[in-house]
Amino acid sequence: MLLPDRFEIGRPDNMHVHLRDDERLSLVAPFTCRQFGRAVIMPNDPEILTAGSLAAYERRIRRVTDNFDFRPLMTLKLTHRTTPREVELARELGAVGCKLYPRGVTHGSDDGIDDVRALDEVFRAMAGCGLVCQIHAEQADSFVLDREFDFLPSVLGVLERHPDLKVVLEHVSTAVGAEFVASGPDNIFATVTPVHLTCTLDDIIGHGLRPHNFMCPVPKRSSDRDALIAEVCKPGQRKFGVGTDSAPHDRSQKERPRGCAGVFSEPVALSVYAAVFERWGAADTKVADLERFCSRNGADFYGLPYNEGTITLARDEWVVPTVYRSSRAHWGKENPLDEARGGVEIVPFLAGEVVTWRASSPASSEV
Ligand SMILES: [Zn+2]
């Protein structure tokens, strides 16, 4: 059975996104705001290490998202210099969580964590003040396809030592990772990206090199993708939710000898999720399960009320643009950098391809 040609779900949340800064921020943020009522903003680029820089970054985001019904949910990046006091200060300023990057696993993680146990005091402070711990679960020195599997014992250790700390296994990418979360205690949750629900490693290196599909963790085997789909689409499933991990880079940073990790998936995110549920969701609960995944599970885990309002999904094929460019007019004279650098060019996920679903909300123009 197909999804209806047009239907509404509660306004969704995106529990993992990279909005960047400067002209990239103003280019990409509207794609998030048009679809999502809230988004958890990642702290690696720009790097957010203190409560003060978190508040300043939130102000910059609010400046470009002012016209939308949107709330950024801020996070702090954990390093070995992070103190319990700093995370409490971040909480007082409205932060929802702290992100743990193992050192060297992805873009902006050079000062990441190489001894998870050393954070125990910080974890206690986070649990004490209600901050969620978002984990990029990859073992940096392992073979690329084994990195998530090899890091799971570290996640398990955190869960066991800190049963009061809420932990998100971000962008889960393997069958074993999905099973780890599905069968885990109530304080573990996972975000799932549109890329991991639709791609395998073949979509990056199997048919010519496709750098714009490259992200960390890399999409893996078809058996991993299928296991993620099965868990996400399971009727009543509450442990998985939207986290697009949309991570835009300028084209020049992707198409070079050592290209950056990150896929700009935001423009097509809800279209892809809807297509996955249409194809693989349970016949009679597709819409309810899609809504739970997009608009309920993340809020429930973070302890947030549901967003007000709805978003409409309509069956309406469109071609994804091959590139998005920053508009100089948008910045005018305020941003001399834009003139000097000639603006940004970002290639989206599924560039040039046809997608089936179009998302729109009453408060905004169509995506
Ligand atoms: Zn990310």
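Higher on the page you've got the structure.
Keep in mind that what you see is a predicted model, and the values were worked out from it rather than measured.

Next up on the list: helix H5 (residues 147-161). In this model, H5 (15 residues) spans 22 Å end to end at C-alpha, consistent with the 21 Å of a helix rising 1.5 Å per residue. Its maximal kink placed at Pro153, H5 deviates by approximately 30 degrees. Restricting attention to buried positions, one finds in H5 the residues Glu148, Phe151, Leu152, Val155, Gly157, Val158 and Leu159.

Take the sheet that holds strand E4 (residues 71-77) next. Strand pairing within a sheet occurs via backbone hydrogen bonds; the two strands may be parallel or antiparallel. Taken in spatial order, the eight strands line up as E2-E3-E4-E5-E6-E7-E8-E9 in an open sheet, and their pairing is parallel. Bordering the open sheet on either side are strand E2 (13-17) and strand E9 (240-242), each of which pairs with just one other strand. Put simply, the sheet's adjacent strands are angled 30 degrees from each other on average, direction ignored. In this structure, E2 lies alongside strand E3 (residues 38-41), joined through three bridges in parallel fashion. Residue pairing for E3: Val17 is matched across the bridge by Ile41.

Counting across every chain of the model gives 24 salt bridges. Note that Glu231 and Lys234 form a salt bridge whose closest N and O atoms lie 3.2 Å from each other. Look at the salt bridges and you will find they share partners, linking Arg251, Glu255, Arg325 and Glu345 into a network.

What follows is about the coordination of the zinc ion. In the first shell of the zinc ion, the protein supplies His16 (NE2), His18 (NE2) and Asp245 (OD), at 2.1 Å from the metal. Mapping the donors of the zinc ion onto the primary sequence yields the spacing H-x1-H-x226-D. Classification of His18 by relative accessible area gives buried; the value is 5%.

This structure, assessed with the given rule, holds eight aromatic pairs. Geometrically, the ring pair formed by Phe31 and Tyr324 is edge-to-face, given 4.7 Å between the ring centres and 65 degrees between the ring planes. Of the two residues, Phe31 is situated in helix H1 (residues 22-35) and Tyr324 in strand E11 (residues 324-325); the sequence distance between them amounts to 293 residues. Ring centres 6.3 Å apart and planes at 80 degrees place the aromatic pair Phe301 and Tyr302 in the edge-to-face group. Members of the aromatic cluster, connected to one another through ring pairs, are Phe31, Phe264 and Tyr324.

A sheet is described by the order of its strands in space; here three strands give the open sequence E1-E10-E13, paired in antiparallel fashion. Each edge of the open sheet carries a strand with a single partner, namely strand E1 (6-10) and strand E13 (354-360). Neighbour-to-neighbour, the strand axes of the sheet open up by a mean angle of 35 degrees, direction not taken into account. The pairing of E1 with strand E10 (residues 310-319) spans five bridges and is classified as antiparallel.

Calculation criteria
- Residues numbered from 1 in each chain as written.
- Predicted model: local features only at pLDDT ≥ 70, side-chain atom pairs only at ≥ 80, totals over all residues.
- Heavy atoms only, no water.
- Helix = DSSP H or I, 4+ residues; strand = E, 2+ residues; numbered from the N terminus.
- Expected span 1.5 Å × (residues − 1).
- Bend = angle between axes of the 7 residues up to and from the residue.
- Buried < 20%, exposed > 50% of the residue type's maximum accessible area, 1.4 Å probe, protein only.
- Pairing = 2+ DSSP bridges.
- Axes fitted to C-alpha atoms, helices over the stretch in contact; angles between N-to-C directions.
- Salt bridge = Lys/Arg side-chain N within 4 Å of Asp/Glu carboxyl O.
- Donors = N, O, S within 2.8 Å, 3.2 Å for Na, K, Ca; no water.
- Phe/Tyr/Trp six-rings, centres within 6.5 Å; stacked < 30°, edge-to-face > 60°.

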